[in-house]
Amino acid sequence: MPGKYLPYGHQSINEDDIRAVLDVLKGEWLTTGPAVESFEAAVAEYAGASYAVSFSSGTAALHGAMHAAGVSPGDCVLVPPLTFAATSNAAVYCGARPLFADISEGSLCLDPLLSEDVCQNAGAPVRALAPVSYAGYPVDLKPFRELASRAGAVLIEDAAHALGASRGEAKVGSEADMTVFSFHPVKHITTAEGGMVVTNSKRFADRMRLFRAHGITKSPGDFVRPYEGPWDNDMTGIGYNYRLSDVASALGQSQLKRIRRFVGRRREIATLYREALAGEGAKDIKLPPDHPGHSYHLFPVWVRPGIRRPVFESLRENGIGVQVHYVPVHLHTYYRERFGFSPGDFPKAEAFSAGEISLPVYTDMEDGDVLFVARTLVGAVARLEAEHAAR
Ligand SMILES: Cc1ncc(COP(=O)(O)O)c(C=O)c1O
């Protein structure tokens, strides 16, 4: 509404969340205490996985998953170009080369056939496949599961956008070898910063637990050398301080209790956008692919690239905090300079990115806000296309 700022994403915090955090602050443990384990168990149960390992961010969680998968220097990791740089960066942290394949227009996620081709011509071991469930659209894992078995690769779903999404009866989190979530404030639930990996593999979970805590173990059973006593600890591999705190975990667990409502409201907002952007007046605005299990972290629309900038600016001038998701990863300077990528390498991702605008979607957004965004978008696109036609 005029005078009100509508961000593209925003947390929803209530009194229960505040109480949960205060309870931890008044207790014994601020970090790596019972709230961490309890939150991990709750996310594992929700996502339908046996184990969950929390991290200080979704990025750290991706790094942990790549490490657990054994990604090492000389390896390749398949990632889409249409994602946040963190997906690909996590492979680079492990010394691997990112292997991009273009997206499919029907899902905006990695195209399985192109992925197959790219993996066959990788020229180095493909250690992991990391499809991203872009915007909350649950990427079809079946072809990637088959490709992973053929390539001997580990399947890591980057579901930073897709907590609460599902494929039929299966929750996102129950199917890949490891599934990564992010709890940044714009996501479905938040811990401020935070992330988690869910998996059915104890081996992966154990590796990630070590990795997030300096690679240091205190468990006698994990010692390679003789255990000397209760003071003893041994660093058996390199690790980081990637732990999530009890304070953050308490917030996350409190938030998770409302996940059905959070995802449900996002779906309602998507439906409202679809209805409001369905008419003749919105013919120049393309809508994102739908899916019954979509969890709508984002609602990305697409306009003709020639008008994207003025449309974007016009929305911002009206207090609508639109964003672009994403500048394709391979076009970032670092990726061009280090790996030699250039424009034209992944034309579908580039074409989509050139016209993309993410409209606001968050739980506390009101119906009137959604209609205001849709009306303002339709007005801006119609005006700019008319000006273009008159030139
Ligand atoms: C697809 C994707 N992967 C990973 C991340 C990293 O998550 P975090 O911001 O929690 O580090 C993000 C963050 O937005 C993301 O969008």
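Computed from a predicted model, the values in this text were never measured in an experiment.

Caption draft 1: Fine view of the site of the ligand. Near the ligand there are 15 residues, and of these Ser57, Gly58, Thr59, Ala160 and Ser182 occur at the shortest range. Of all the secondary-structure elements, those providing two or more residues to the shell around the ligand are helix H3 (58–68) and helix H4 (85–93). In terms of residue count, the dominant contributor to the shell around the ligand is H3 (three residues). In terms of residue class, the shell around the ligand is made up of five nonpolar, nine polar and one charged.

Caption draft 2: Geometry of the domain arrangement of the protein chain. By domain assignment, the protein chain separates into domain 1 (6–256) and domain 2 (259–390). The C-alpha centroid of domain 2 is placed 26 Å from the C-alpha centroid of domain 1. Of the residues lining the interface, 37 residues belong to domain 1; the matching set on domain 2 comes to 39 residues. Within the residue set of the side of domain 1 that touches domain 2, elements represented by two or more residues are strand S1 (6–7), H4, strand S4 (97–100) and strand S7 (166–167). Top element by residues in the side of domain 1 that touches domain 2 is S4. It accounts for three residues. The class makeup of the residues in the side of domain 1 that touches domain 2 is 20 nonpolar, 12 polar and five charged.

Caption draft 3: Local environment of the packing of helix H2 (residues 34–47) against helix H8 (residues 246–256). Packing of H2 against H8 leaves a shortest axis separation of 8 Å and a crossing angle of 35°. Between H2 and H8 lies a crossing whose hand is left-handed. Contacts between H2 and H8 involve Ala35, Val36, Ser38, Phe39, Ala42, Val43 and Tyr46 on the former and, on the latter, Asp246, Ser249, Ala250, Gly252, Gln253 and Leu256. Classifying every residue of the contact of H2 with H8 by side-chain character gives eight nonpolar, four polar and one charged.

Caption draft 4: The arrangement of the sheet that holds strand S2 (residues 51–55) in detail. Overall, mixed pairing links the seven strands, which are arranged S2-S10-S9-S6-S5-S3-S4 in an open sheet. Strand pairing shows two members of the sheet lacking a second neighbour, S2 and S4, which therefore form its edges. Strand-to-strand twist of the sheet, defined as the mean angle between neighbouring strand axes without regard to direction, takes the value 25°. Across the sheet, H3 lies against S2, strand S3 (76–79), strand S5 (126–129), strand S6 (154–158), strand S9 (178–182) and strand S10 (195–199), angled at about 165° from S9, the strand it touches most.

Conventions adopted
Residues numbered from 1 in each chain as written. Predicted model: local features only at pLDDT ≥ 70, side-chain atom pairs only at ≥ 80, totals over all residues. Near = placed C-beta within 6 Å. Helix = DSSP H or I, 4+ residues; strand = E, 2+ residues; numbered from the N terminus. Nonpolar A, V, L, I, M, F, W, Y, C, P; charged D, E, K, R; others polar. Domains from an automatic or database assignment. Contact = placed C-beta atoms within 7 Å. Axes fitted to C-alpha atoms, helices over the stretch in contact; angles between N-to-C directions. Left-handed = near helix turned anticlockwise from the far one by under 90°. Pairing = 2+ DSSP bridges.

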